[in-house]
Amino acid sequence: MTNRLRATTVSITDTGRVRARNEDRLLTTERLFAVADGMGGHTLGDVAATCAIDALKDALPELESERERGEHESTITAGLMRAADEICRYVDGDPRGTTSTSVLHIGKAAGTTIAGVYLAREPIVFHVGDSRVYRYRGGEMARLTRDHSLVQEMVDAGEITDAQAHVHPRKNIITRAIGTYGPPRVEFAAAEFTAGDYVLVCSDGLHDELTDEEISDVLRRASTIEQAVEELRDAALAAGGHDNVSIVLAQIGE
């Protein structure tokens, strides 16, 4: 059995230059870290993102007591299902929508994307929507998630390139979320991390403004993890800051 990894995390979140409020929420612990990007406007997005993060916090003791990857995935999924129910109750006082329909009531809707990492003995990456997880190792960056979005489907079908997707006018249309689009469909992937790796979790407020190459360049130049998150935030704002910008950067250790 391999030893459990731990992480030192640094995070930052910014409203950006266009939005009136910050609807993103973050979770940072030494083994579980995540970014939730709320949608819905006013207080709805705030609540949706908070529900998702709180669900992961509540699941942590159970995750820590489990040993198998399948158990971890089930626990995370169950927690996010409860978050979807809570979002629906907030919006219209009736949780029925999370099992079959969107959360809609008198023209209102709420939901959140999420991406995160749990450092089990077999680490896992999970996400719903277009928040992302990257691994940075030895000067090279790899994206560990694939967006649940319209343009990602177009890329997968060979209709457009990654570069075209980055500037596509419909790049913000997602196909999965928590609290809308039906029950949460959480995607999981096994992840291989070693001590010294950096793991970046971010909202689309970062990767919509910066390409993967630009993100990697910032990580390559930064001399500290604190400097890295600040420079990523500043670069996203300088590129337009059209959305909330949220970043968790974790340095993997033993």
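Residues numbered from 1 in each chain as written. Predicted model: local features only at pLDDT ≥ 70, side-chain atom pairs only at ≥ 80, totals over all residues. Heavy atoms only, no water.

## Comments concerning the pattern of salt bridges
- Scanning the model with the defined rule gives 16 salt bridges in all.
- Measuring nitrogen to oxygen at the nearest pair gives 2.1 Å for the salt bridge that ties Glu30 to Arg6. Linking Glu30 in the loop between strand 2 (24-28) and strand 3 (32-39) with Arg6 in strand 1 (residues 6-14), this pair joins segments that are 24 residues apart in sequence.
- The class for Glu30 is partly exposed, based on a relative accessible area of 38%.
- Residue class for Arg6 comes out partly exposed when judged on its relative accessible area of 34%.
- For Arg19, the salt bridge is made with Asp243, and the minimal N-O distance between the two is 3.3 Å. Of this pair, Arg19 sits in the loop between strand 1 and strand 2 while Asp243 sits in the loop between helix 8 (225-238) and strand 12 (245-253), and the two are 224 residues apart along the sequence.
- You can call Arg19 partly exposed: its relative accessible area is 44%.
- On the basis of relative accessibility, which here comes to 14%, the residue Asp243 falls in the buried class. (Salt bridge = Lys/Arg side-chain N within 4 Å of Asp/Glu carboxyl O. Helix = DSSP H or I, 4+ residues; strand = E, 2+ residues; numbered from the N terminus. Buried < 20%, exposed > 50% of the residue type's maximum accessible area, 1.4 Å probe, protein only.)

## Some remarks on the layout of surface pockets
- Space inside the largest pocket adds up to approximately 420 Å³.
- In terms of lining residues, the largest pocket is bounded by 23 residues, among which Arg19, Met39, Asn172, Asp204 and Asp243 are the most central.
- Those elements that provide at least two residues to the lining of the largest pocket are strand 3, strand 6 (111-118) and helix 6 (204-207).
- Here the lining of the largest pocket gets three residues from one element, more than from any other, and that element is strand 3.
- Along the lines of polarity and charge, the residues of the lining of the largest pocket split into five nonpolar, nine polar and nine charged.
- Roughly 320 Å³ of internal volume is contained in the second largest pocket. (1 Å grid on protein atoms, 1.4 Å probe; cavity = no way out; pocket = protein on both sides within 12 Å on 5 of 7 lines; lining within 4 Å. Points joined across faces, edges and corners; volume = space filled by probe spheres on them. Nonpolar A, V, L, I, M, F, W, Y, C, P; charged D, E, K, R; others polar.)

## Focus: the sheet that holds strand 3
- Taken together, the five strands give an open sheet; going across it, the order is 2-3-6-7-10, and neighbouring strands pair in antiparallel fashion. Looking at which strands have only one partner, the edges of the open sheet turn out to be strand 2 and strand 10 (187-190). Strand-to-strand twist across the sheet, computed as the mean angle between neighbouring axes with direction ignored, equals 10 degrees.
- Where strand 6 and strand 7 (residues 124-128) come together, five bridges link them in antiparallel fashion. Considered in strand 7, the bridge of Ala115 is made with His127.
- Across the face of the sheet, helix 1 (residues 44-65) comes into contact with strand 2, strand 3, strand 6 and strand 7 while running at roughly 160 degrees to strand 3.
- Those strands touched by helix 2 (residues 69-92) are strand 6, strand 7 and strand 10, and its axis lies near 155 degrees from that of strand 10. (Pairing = 2+ DSSP bridges. Axes fitted to C-alpha atoms, helices over the stretch in contact; angles between N-to-C directions. Contact = heavy atoms within 4.5 Å.)

## Overview of the confidence of the model for the chain
- On average, residues of the chain score 91 in pLDDT, and 91% of them reach the 70 mark or higher.
- For residues 95-107, every residue scores under 50 in pLDDT, and the model assigns this stretch 28 contacts once sequence neighbours within four places are set aside. (pLDDT = per-residue confidence, 0-100.)

## Considering the packing of aromatic side chains
- Tallying each qualifying case throughout the model produces one aromatic pair.
- Their ring planes at 45 degrees and their centres at 6.4 Å tell us that Phe126 and Phe188 sit as a pair that is tilted. With a gap of 62 residues between them, Phe126 in strand 7 and Phe188 in strand 10 connect regions that are remote in the sequence. Exposure class is identical for Phe126 and Phe188. Each is buried. (Phe/Tyr/Trp six-rings, centres within 6.5 Å; stacked < 30°, edge-to-face > 60°.)

## Topic: the state of the cysteines
- For the coordinates displayed, the defined rule picks out zero disulfides.
- The closest cysteine sulfur to the non-disulfide-bonded Cys51 is located on Cys88, 11 Å from its own sulfur. (Disulfide = S-S within 2.5 Å.)

## Re the sheet that holds strand 1
- Strand order in this open sheet of five strands is 1-12-11-8-9, and the pairing throughout is antiparallel. The sheet is open, and its two edges are formed by strand 1 and strand 9 (140-143), each paired on a single side. Each strand of the sheet is rotated relative to its neighbour by a mean of 20 degrees, with strand direction disregarded.
- Here strand 8 (residues 132-137) runs beside strand 9; their pairing, made up of four bridges, is antiparallel. Among the inter-strand pairings, Tyr134 is bridged to a residue of strand 9, identified as Arg143.
- Strands in contact with helix 7 (residues 212-221) are strand 8, strand 9, strand 11 (198-202) and strand 12; relative to strand 8, the strand with the most contacts, it is inclined by about 45 degrees.
- Contacts between helix 8 and the sheet are confined to strand 1, strand 11 and strand 12, with strand 12 contributing the most and set at about 155 degrees to the helix.

## What to know about helix 2
- Between its first and last C-alpha, helix 2 extends 35 Å over 24 residues, near the 34 Å set by a 1.5 Å rise per residue.
- Within the sequence span of helix 2, burial applies to His72, Glu73, Thr75, Ile76, Gly79, Leu80, Ala83, Ala84, Ile87, Cys88 and Val91. (Expected span 1.5 Å × (residues − 1).)

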